[in-house]
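Fold and geometry: a report
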Amino acid sequence: MGARAWVEKWPVYRQLTGGDRLGRGAAAESARTAGLRPRTATADRVVKSVCPYCAVGCGQEVYVKDDRVVQIEGDPDSPISRGRLCPKGSATLQLTTGSARRHTVLHRRPHAADWEELDLATAMEMVADRVLATRAETFEWDSGDVRVRRTLGIASLGGATLDNEENYLIKKLLTALGVVQVENQARVCHSSTVAGLGTSFGRGGATTFMQDLQHSDCIVIQGSNFAEAHPVGFQWVMEAKARGATVIHVDPRYTRTSAVSDIYVPLRAGSDIAFLGGIINHVLTNEAYFRDYVLAYTNASTIIREDFRDTEDLDGLFSGLEEGTHHYKFDTWRYEGMDVVAASGARDQDFERRTGNEYSIRRAGRGESHGAGGASLGEGDPTRDPTLADPRCVFQILKRHYSRYTPEMVERVCGVPPELFAKVCDALVRNSGRDRTSAFAYAVGWTQHTVGSQYIRAASILQLLLGNIGRPGGGIQALRGHASIQGSSDIPTLFDLLPGYIPMPHAHADLDLDRFVRADAPRRATGATCARTSSAC
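All of the points below concern the structure found in this document. (Residues numbered from 1 in each chain as written. Predicted model: local features only at pLDDT ≥ 70, side-chain atom pairs only at ≥ 80, totals over all residues. Heavy atoms only, no water.)

This part is about the overall build of the protein chain. Along the protein chain, the regular secondary structure elements total 22 helices and 15 strands. Split by element, the accessible area of the protein chain, about 26,900 Å² in all, is 54% carbon and sulfur. (Helix = DSSP H or I, 4+ residues; strand = E, 2+ residues; numbered from the N terminus. Areas by Shrake-Rupley, 256 points an atom, 1.4 Å probe, with all protein chains shown as cover.)

Structure (structure tokens):
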């Protein structure tokens, strides 16, 4: 190479003599860099997909060449992510090209010490043979004098990264085989959500969608590090803030979510019930609730039976507790003038008589069935008091119950100073009502507590009092941690439900379709604020 050619290739020379005088582009570009082309430019086709990580649902464009994935980028046409991807979503290509991806099956034979590799076709044949053989050996047509048509020799444990179609096929296949033990990771992750929101609203999922947060006037994030765990979804919170919304973060830790919030509230871990209860008491005491909304869309005016007793009457317990089983009987919790039908359908008294088992169908852990429209009610019309003054109406019971959650109690239990607590109450009340709406967002910082359903139930009561459910910018956003936690519950790969939160027919009660329909027929949605306050639901 001559001296002239060498000088002309020198970046400084090109900077001084060319159009890139600042040396930020062509002047600094090497020949190798100039020859590079994006992998997307040579792709044969582009396939639309959804990111398989958290449940924001970011759209992706998958570029394919020679039937191999060569690049994955954000989909600019997605109304959810608008082309954005977080670090996990941006690294999705590693799922197909990463060195950790297995293309063979590892199998360890009985009593063997080491793994051996098998091809997928061989492994599929082995799985099918074992399933069919196990079903043939363990299938039961009858158990005693009851027709069951089941196998107890096969179980399934699903994960929440399964998409809806996979969940549906798994549920259909296993149900057809007579498999009873069908479970999913969603049961662990967001079971508190289903119990809290299903009881409150008749649906066990979030009451709003993430993009609607941009319309909120106040957003309370509690039990979540939203900014880091769901960074693309957090764009809607930041857009609300740019509009003037107040963002409140309540969390024991100071995180990136705290850093961009208008109000940060550190509280003691596990004290959320007292904090939320204090806000409810503030709303009720100062008559800051949305009265027209409460009368029209909740059961606050409904009269409860005369023999109901709250915790202050029974030393911390509600009426109806059975000492032997430690379960509540709900007879005293019923509305005046209306009978309650068990959420799972008619009780199988004959089954209890035959087995001597007091564990009735009603107590079989089927709170998820509330997701099909709320807890079942019987015939009749409940008695109401539109003035909300009757001491036995839900509103007055609620008011008495939450009167204990004073700012002093909140400070003692949560460690939150009264001034900071008052600031949160003021922001929520000021941004709720006829013309404004506030939203709550939470994640596993709530659900993974032993009393997680009570956290969510308390937030539901608060949002109903403020009129923030079912309106733009309002609601409760249950932030999911995997792509299809909600779908795994809706479809579902769970033993006790059919798609749409329809209770699974019970072997000892629903012996044919007609009996199943009759047993589960009286289903009408209830109001949301109930006599079972956050410490009992």
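Before going further, it helps to spend a moment on the nonpolar core. Judged by nonpolar contacts, the single largest core of 52 residues is most densely connected at Ile248, Phe275, Ile279, Phe440 and Leu465. Here Phe440 is in contact with Val220, Gln222, Leu276, Leu428, Trp446, Ala459, Leu462, Gln463, Gly475, Ile476 and Gln477, once residues within four sequence places are set aside. Membership of the second largest hydrophobic core comes to 23 residues, among which are Val56, Cys86, Leu213 and Val232. (Core = buried A, V, L, I, M, F, W, Y, C linked by side-chain atoms within 4.5 Å. Buried < 20%, exposed > 50% of the residue type's maximum accessible area, 1.4 Å probe, protein only. Contact = heavy atoms within 4.5 Å.)

Before going further, it helps to examine helix H9 (residues 191–201). Most of H9 sits out of view: eight of its eleven residues are buried. Inspection of H9 places Ser192, Thr193, Val194, Gly196, Leu197, Gly198, Thr199 and Ser200 among the buried residues, and these make up the whole buried set. Buried residues in H9 make contact with strand S12 (438–442), helix H19 (444–447), helix H20 (452–465) and strand S13 (475–478). Gly202 sits one or two positions beyond H9 and adopts a positive phi of about 80°.

Attention now goes to the environment of Val250. Here Val250 lies in strand S10 (residues 246–250). Look at Val250 and you get buried, because its relative accessible area is 1%. In this structure, the C-alpha to C-alpha distance between Val250 and Phe275, residues 25 residues apart in sequence, is 9.6 Å. With residues near it in sequence (within four places) discarded, Val250 still touches Val220, Ile221, Gln222, Gly223, Val265, Leu267 and Phe275.

Inspection of every chain in the model, using the stated rule, returns 17 salt bridges. Its salt-bridge partner being Lys48, residue Asp77 comes within 3.6 Å of it at the nearest N-O pair. A residue pair is termed long-range when its members are at least 10 positions apart, and Asp77 in the loop between strand S3 (68–74) and helix H4 (87–90) and Lys48 in strand S1 (residues 45–50) qualify at 29 residues. The exposure class of Asp77 is exposed, given its relative accessible area of 61%. For Lys48, a relative accessible area of 48% puts it in the partly exposed group. In this structure, Arg82 engages Glu239 in a salt bridge whose closest nitrogen and oxygen atoms are separated by 2.2 Å. Here the residue Arg82 occupies a position in the loop between S3 and H4, and Glu239 occupies one in helix H11 (residues 235–243), the gap between them amounting to 157 residues. Residue Arg82 is classed as partly exposed on the basis of its relative accessible area, which comes to 35%. Judged by relative accessible area, Glu239 falls into the partly exposed class, the value being 27%. One continuous salt-bridge network, built from bridges that share partners, spans Lys48, Glu61, Asp75 and Asp77. (Salt bridge = Lys/Arg side-chain N within 4 Å of Asp/Glu carboxyl O.)

Another aspect to go through is unusual backbone geometry. The amide bond that connects Ile491 to the next residue, Pro492, takes the cis arrangement and shows omega of -10°. Assignment of secondary structure puts Pro492 in the loop between helix H21 (485–490) and strand S14 (497–498). For His111, which is not glycine, the phi dihedral falls at a positive 70°. Here His111 is to be found in the loop between strand S4 (105–107) and strand S5 (116–118). Note on His111: relative accessible area 87%, which makes it exposed. The backbone of His326 sits at a positive phi, close to 60°, despite the residue not being glycine. Residue placement: His326 occurs in the loop between helix H14 (291–297) and helix H15 (349–355). Take His326: its relative accessible area is 62%, and that puts it in the exposed class.

Below, the discussion takes up the sheet that holds strand S8 (residues 179–184). One open sheet accounts for three strands, arranged S6-S7-S8; its pairing is mixed. On the outer flanks of this sheet lie strand S6 (139–143) and S8, each paired with one strand and no other. Within this sheet the neighbouring strands show an average axis-to-axis angle of 35°, counted without direction. Of the pairings in the sheet, the one linking strand S7 (residues 146–158) to S8 comprises five bridges and is parallel in character. When the bridges of S8 are listed, Leu157 appears paired with Glu183. Its contacts with the sheet place helix H6 (residues 120–138) against S6 and S7, and it is angled at close to 150° to S7. Set on the sheet, helix H7 (residues 164–177) makes contact with S6, S7 and S8; between it and S8 the angle comes to about 160°. (Pairing = 2+ DSSP bridges. Axes fitted to C-alpha atoms, helices over the stretch in contact; angles between N-to-C directions.)

Here we come to the pairing of S3. Judged from the six bridges that link them, strand S2 (residues 59–65) and S3 form a sheet pairing that is antiparallel. Note on S3: the bridge partner recorded for Val64 is Val69.

Time to look at the sheet that holds strand S9 (residues 218–222). What the five strands build is an open sheet, ordered S11-S10-S9-S12-S13; its pairing is parallel. Here the strands that pair on one side only, and so sit at the sheet edges, are strand S11 (263–265) and S13. Across the sheet, the mean angle separating the axes of adjacent strands is 15° when strand polarity is ignored. Sheet analysis places S9 next to S12, joined by four bridges and oriented parallel. Looking at the pairing, Cys218 lines up with Ser438 of S12.

None of the figures reported here should be taken as evidence of function without further support.
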